[in-house]
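# Understanding the architecture of this molecule
Listed below are the residues making up each chain.
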Amino acid sequence: MYETENPIAIQSKRWLEASLLKLMKEKPFSKITIQEIAEQAQLERRTFYRNFSSKEEILSFHIRRLSDELVVSLLEEAALTIPIVLRVFFEMAEKNKSFLLCLKENNLLMFLLTSFNDLLPSIHSLIEPKFSGRFENENIEYIFAFNTGGFWNILVKWINGDFTHTPSEMAEIVHNLMTKTFPVSY
């Protein structure tokens, strides 16, 4: 993706993003064309290519924006603990339920895992100073991989279960799993 501070380009990206998300509710992702995305956004096809190289890049852009929202929500908390991070994560997922269901219907949930893997280190660096207790471990990349896989699998299970539990219930379930599997203080 082409990073820019140009307000017109940022607005075009947002319109293309909204266009793709709207089209994904109407038809399969694989059937959506670049031309349709541009037309839905009332932009020229070349404007699409000035901002994105593919439909998948728009999904990355959207997920990056969601991760930015997640970071803001986490930073608004007075202090961070694992239960608070879990609750905020599942609240964010519930808030974006329709997007997650579109990913599921289009067999794109694996795309979310890839995005999680890419975004977790930067999210961690932004919120780590607010944690009560520090993460000092030379194997932090493995911790990220382990946590990302676990969070993704639990999120997929929750999505496949049609969000039957509330975000608070999910946070409690995951926290209980963590404390029983890894009996240390969180």
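Residues numbered from 1 in each chain as written. Predicted model: local features only at pLDDT ≥ 70, side-chain atom pairs only at ≥ 80, totals over all residues. Heavy atoms only, no water.

### A word on the overall build of the chain
What the chain contains, in helices and strands, is 9 helices and 0 strands. The order of helices and strands in the chain, counted from the N terminus, is α-α-α-α-α-α-α-α-α. Counting only residues that meet the buried cut, the chain has 42% of its 186 residues in that class. Accessible surface computed for the chain: about 10800 Å², of which carbon and sulfur atoms make up 55%. Charge separation in the chain, taken as the distance between the mean sites of 20 positive and 24 negative side-chain charges, equals 6 Å. (Helix = DSSP H or I, 4+ residues; strand = E, 2+ residues; numbered from the N terminus. Buried < 20%, exposed > 50% of the residue type's maximum accessible area, 1.4 Å probe, protein only. Areas by Shrake-Rupley, 256 points an atom, 1.4 Å probe, with all protein chains shown as cover. Lys, Arg positive; Asp, Glu negative; His and termini not counted. Charge placed at Lys NZ, Arg CZ, Asp CG, Glu CD.)

### Some points on the packing of aromatic side chains
Summed over the entire model, instances satisfying the criterion amount to 8 aromatic pairs. Plain terms: the ring middles of Phe48 and Phe52 are 6.0 Å apart, the flat faces sit at 45° to each other, and that makes the pair tilted. Since its relative accessible area comes to 0%, Phe52 is described here as buried. With a centroid separation of 5.3 Å and 90° between ring planes, the pair formed by Phe90 and Trp158 is classed as edge-to-face. Here Phe90, found in helix α5 (residues 82-95), pairs with Trp158, found in helix α8 (residues 140-160); they are 68 residues apart in sequence, far enough to count as distant. Like Trp158, Phe90 is buried. Counting every residue linked through ring pairs, the aromatic cluster contains Phe89, Phe90, Phe116, Phe151, Trp158 and Phe163. We note Lys55 situated over the ring of Phe29; from NZ or CZ to the ring centre the distance is 4.5 Å. (Phe/Tyr/Trp six-rings, centres within 6.5 Å; stacked < 30°, edge-to-face > 60°. Lys NZ or Arg CZ within 6 Å of the ring centre and 35° of its normal.)

### Details of the pattern of salt bridges
Considering all chains together, one arrives at 6 salt bridges under this definition. Put simply, Glu17 and Arg65 hold a salt bridge, and the shortest N to O gap is 2.9 Å. Placement of the pair is Glu17 in helix α1 (residues 7-26) and Arg65 in helix α4 (residues 55-75), with a sequence separation of 48 residues. Across the pair Glu91 and Arg87 runs a salt bridge, and its minimum N-O distance is 3.2 Å. Pair noted here: Glu91 and Arg87 are both in helix α5, with a separation of 4 residues, about one helical turn. Given the relative accessible area of 23%, Arg87 is considered partly exposed. Members of the salt-bridge network, linked through shared partners, are Glu77, Arg87 and Glu91. (Salt bridge = Lys/Arg side-chain N within 4 Å of Asp/Glu carboxyl O.)

### Topic: the nonpolar core
One broad trend across soluble globular proteins is that nonpolar side chains are buried collectively. Among the nonpolar cores identified, the biggest contains 53 residues, and Met24, Leu59, Leu100, Leu103, Leu112 and Leu155 are the most heavily contacted of them. Looking at this core, the elements that each hand over two or more residues are α1, α2 (34-40), α4, α5, α6 (97-105), α7 (109-127), α8 and α9 (167-181). (Core = buried A, V, L, I, M, F, W, Y, C linked by side-chain atoms within 4.5 Å.)

### With respect to the side chain of Ser67
Counting through the fold element by element, Ser67 comes out in helix α4. Exposure remark for Ser67: the relative accessible area of 9% places this residue in the buried category. Among the polar contacts made by the side chain of Ser67, one reaches the main-chain carbonyl oxygen of Arg64 at a distance of 2.8 Å. With near-sequence residues (within four places) excluded, Ser67 lies in contact with Leu119 and Ile123. (Polar contact = N/O pair within 3.5 Å; in protein donor to acceptor, adjacent residues only side chain to side chain. Contact = heavy atoms within 4.5 Å.)

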